[in-house]
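What follows is the residue order along each chain.
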Amino acid sequence: MSQTLDVLGGISAEQFLTEYWQKKPLLVRNAVPEIVGLLEPNDVMELALDENVTARLIKQKDRDPNQWNVKSSPLLKADFQKMPKLWTLLVQAVDHYSFDLAELWKKFPFIPQWRREDIMVSYAPQGGSVGKHFDFYDVFLVQGYGHRRWQLGQMCDEQTALVAGQPLKLLQEMEVHFDEVLAPGDLLYVPPGLSHYGVAEDECLTYSFGFRMPNISDMMDSLGDYFSEQEQLKKPLLDITRSVCTAVGEISDHELSYLREQLLAQLQNPEMLNEAIMCLASQPGYPNNIPENDEIGTGDLEEALEEGYLLNIEPASRLLYSNFNDELNFWANGERLCISEEFKPHLKRIADGEMIALDENLYDQHILEDLAELLNNSIIMLLPSEEN
Ligand code: SIN
Ligand code: CO
């Protein structure tokens, strides 16, 4: 029998993926007890005022709670003056600011890292909400502080009727099938398209572990960027075997089909398509959150080998690998990495979410050079180990 997971309320990851993921909601009581107390409402307020943070302050008018107002970051102290009774503060990518929170992604080891978007936190006083709505992504809503009542309704899509004239995409109607209050540590999985409405029962913090999938338009864009940089593709094509043309204004069907074939021939190249996909999948969601570090050299790392440091992915960066055709290759923050064969197995473990020790096992010039490069680009980070 496959292993059951506490975070899924005692069902296995296999069962979750077949029955729930992208299909139906799942409520799990006390699924993530570690999240309780990680942040307090004041921490979220403070974070929202950081000039680099992506945040939104959503207010409902006292006289007409159906009238909404949204102020996007940068948020200033003045934005929090003269507050109505009902409001919500949303702060994106809090996992880039709290390492302990970033570690909680590991509660979901059955979904690959490239699908992760960010952890958003919402802070609201009693009665606060962001309205009845649906999202296009998978989300695990985890209650961190206080209580929130969640109602779930029908499945929605692009055709679903929205309220006109509001700065938020609000649903005109929601048929409630589920109505539960979440307490700290409780989790609710909401699949893409499912309407939901979360209202704070008291002063509360809710974390959204959000996942992303690329769309075809962005993949085409990435493909275009990649193909347009290829020197060998810049040479004009050879002409077709020509017969005398009868209308100079026309591109004939024959010519169009020849040009289409040339394009499609390039699109048949899996290596090139993979490259474009990997560059896109490794794009960071919040590049401004990637810290700028002091330059480190291989000499500094050599000295640090015995000081008990750990190596970990920098939470705001994206490090991915592919094993296509049994060849291990790495990408980070939208670009392919050039990594020595010696370092590849270690970097694979880091990309898989392991913290690895910076010790004599890494004493190799190629490895130290790779490490310095990755640290200087904030793709990985150094952490003092627990014993220090
Ligand atoms: C919230 O936490 O209030 C909003 C999260 C969501 O609806 O996706
Ligand atoms: Co939502």
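Every chain is numbered on its own, with residues counted from 1 as its sequence reads. By the order in which they are written, chains take letters starting at A while ligands take numbers starting at 1. Since the coordinates come from a predicted model, pLDDT governs what is reported: local features require at least 70, and pairs of side-chain atoms require 80 or more to be given and counted, while whole-chain, interface and lining totals use all residues. Calculation of side-chain values draws on the structure's entire complement of heavy atoms; hydrogens and water are dropped beforehand.

(A) Inspection of a negative patch on the surface at higher detail. A cluster of acidic residues, Asp 300, Glu 302, Glu 303, Glu 306, Glu 307 and Glu 360, forms a negative patch at the surface. Under the DSSP-based scheme used, a helix requires at least four consecutive residues in state H or I and a strand at least two consecutive residues in state E, with every element numbered from the N terminus. Examined against the element boundaries, Asp 300 turns out to sit in helix H7 (residues 298-304). Candidate patch residues must exceed 30% relative accessible area and have no salt bridge, after which like charges are joined if within 9 Å and Val, Leu, Ile, Met, Phe, Trp or Tyr side chains if within 5 Å. Values of accessible area rely on a 1.4 Å probe in the Shrake-Rupley scheme; residue burial ignores everything except the protein chains shown. One speaks of a salt bridge when a side-chain nitrogen belonging to Lys or Arg is within 4 Å of a carboxyl oxygen belonging to Asp or Glu. Positive charges are assigned to Lys and Arg, negative charges to Asp and Glu, while His and the chain termini are left out of the count. In this description, the location of a charge corresponds to atom NZ of lysine, CZ of arginine, CG of aspartate or CD of glutamate.

(B) Molecular detail of the packing of aromatic side chains. Here a Phe, Tyr or Trp ring, Trp counted by its six-membered ring, pairs with any other such ring whose centre lies within 6.5 Å, and the pair is stacked when the planes are under 30 degrees apart, edge-to-face when over 60, and tilted otherwise. The final tally for this structure, using the stated rule, is 19 aromatic pairs. When the ring of Phe 16 is compared with that of Phe 110, the centres are 5.6 Å apart and the planes differ by 65°; the resulting orientation is edge-to-face. A residue pair is termed long-range when its members are at least 10 positions apart, and Phe 16 in helix H1 (residues 13-19) and Phe 110 in the loop between helix H3 (99-103) and strand S7 (116-124) qualify at 94 residues. Taking relative accessible area as the criterion, Phe 110 reaches 14% and is therefore assigned buried. Their ring planes at 90° and their centres at 5.5 Å tell us that Trp 21 and Phe 211 sit as a pair that is edge-to-face. In this pair, Trp 21 is assigned in the loop between H1 and strand S3 (26-28) and Phe 211 in strand S13 (residues 204-211), connecting sequence segments 190 residues apart. Here Trp 21 matches Phe 211 in class, with each residue buried. Only protein chains enter the area calculation, which uses a 1.4 Å probe; residues under 20% of their type maximum are buried, those over 50% are exposed, and those in between are partly exposed.

(C) Representation of the side chain of Asp 370. Among the structural elements, Asp 370 can be located in helix H9 (residues 365-376). Here Asp 370 is buried and forms no salt bridge, its nearest opposite-charge partner Lys 344 lying at an N-O distance of 9.0 Å.

(D) Unusual backbone geometry, seen in detail. Backbone torsion omega between Ser 73 and Pro 74 reads 5°, so that peptide bond is classified as cis. Mapping Pro 74 onto the fold places it in the loop between strand S5 (68-72) and strand S6 (86-91). Positioned with a positive phi, Lys 82 is a non-glycine residue whose angle comes to about 50°. When you line up the elements, Lys 82 lands in the loop between S5 and S6.

(E) Here's a closer look at the sheet that holds strand S10 (residues 178-182). Each pair of strands is called paired provided DSSP finds at least two bridges between the two strands. With respect to topology, three strands assemble into an open sheet ordered S10-S9-S12, the strand pairing being antiparallel. Looking along the sheet, the strands with just one partner apiece sit at the ends: S10 and strand S12 (194-200). Ignoring which end each strand starts from, the neighbouring axes of this sheet average 20° apart. For strand S9 (residues 148-155) and S10, the ladder comprises five bridges, and the chain directions are antiparallel. Counted as the bridge partner of Leu 152 is Phe 178 from S10. Fitted lines through C-alpha atoms give the axes, limited to the stretch in contact for helices. The angle between two N-to-C directions lies from 0 to 180 degrees.

(F) Structural view of the coordination of the cobalt ion (ligand 2). Coordination sphere of the cobalt ion (ligand 2), protein contribution only: His 133 (NE2), Asp 135 (OD) and His 196 (NE2), at 2.0 to 2.1 Å. Read from N- to C-terminus, the donor residues coordinating the cobalt ion (ligand 2) fall into the pattern H-x1-D-x60-H. Residue Asp 135 is found in the loop between S7 and strand S8 (139-145), and its partner His 196 is found in strand S12; the two are separated by 61 residues along the sequence. For Asp 135, a relative accessible area of 16% corresponds to the buried category. In this structure His 196 comes out as buried when scored by relative accessible area, which is 3%. Any nitrogen, oxygen or sulfur atom within 2.8 Å of a metal ion counts as a donor, with the limit raised to 3.2 Å for Na, K and Ca, and since water is left out, coordination shells can look unfinished.

(G) The arrangement of the environment of Phe 16 in detail. Looking at Phe 16, the relative accessible area reads 0%, which means it is buried. Sequence spacing of Phe 16 and Gln 283 is 267 residues, and the spatial spacing of their C-alpha atoms is 28 Å. What makes two residues a contact is simply this: any of their non-hydrogen atoms within 4.5 Å. Not counting residues up to four positions away in its chain, the partners in contact with Phe 16 are Leu 8, Ile 11, Trp 21, Leu 26, Phe 110, Phe 140 and Tyr 189.

(H) Molecular detail of the site of ligand 1. With respect to spatial proximity, the complete set of residues near ligand 1 consists of Met 120, Ser 122, Val 130, His 133, Asp 135, Leu 141, Arg 148, Trp 150, His 196, Thr 206 and Ser 208. Within the side chain of His 133, one N or O atom sits 3.0 Å away from an oxygen atom of ligand 1. Here ligand 1 loses 97% of its free accessible area of 260 Å² to cover by the protein chains. At the level of secondary structure, the elements contributing two or more residues to the shell around ligand 1 comprise S7, S9 and S13. Of the residues assigned to the shell around ligand 1, the class counts are four nonpolar, five polar and two charged. When at least one non-hydrogen atom of a residue lies within 4 Å of a molecule or strand, that residue is treated as near it. Between N or O atoms, a polar contact is any pair within 3.5 Å; within protein, one atom must be a potential hydrogen donor and the other a potential acceptor, and residues adjacent in sequence are included only when both atoms are from side chains. The residue classification treats Ala, Val, Leu, Ile, Met, Phe, Trp, Tyr, Cys and Pro as nonpolar and Asp, Glu, Lys and Arg as charged. All others, Gly included, are polar.

(I) Geometry of the packing of helix H4 (residues 216-228) against helix H6 (residues 270-281). Contact pair H4 / H6: the axes reach a minimum separation of 9 Å and the direction vectors enclose 115°. Crossing of H4 over H6 shows right-handed handedness. Here H4 contributes Asp 218, Met 219, Ser 222, Leu 223, Tyr 226 and Phe 227 to the contact with H6, which in turn contributes Met 272, Leu 273, Glu 275, Ala 276, Ile 277, Cys 279 and Leu 280. Two helices that cross are described as forming a left-handed crossing if the nearer one is turned anticlockwise from the farther one by less than a right angle, and a right-handed crossing if clockwise.

(J) Structural detail: the nonpolar core. Put simply, a nonpolar core is a bunch of buried Ala, Val, Leu, Ile, Met, Phe, Trp, Tyr and Cys residues held in one set by side-chain atoms that sit within 4.5 Å of each other. Of all hydrophobic cores here, the largest spans 43 residues; its most connected members are Phe 16, Leu 89, Val 91, Phe 110, Phe 140, Tyr 207 and Phe 209. The element that contributes the greatest number of residues to this core is S13, accounting for four residues. Aside from chain neighbours lying at most four places away, what touches Leu 89 is Val 44, Met 45, Ala 48, Arg 56, Leu 57, Leu 75, Phe 80, Val 121, Ser 122 and Tyr 123. By size, the runner-up hydrophobic cluster in this structure holds 26 residues, among which are Ile 339, Leu 358, Ala 372 and Leu 375.

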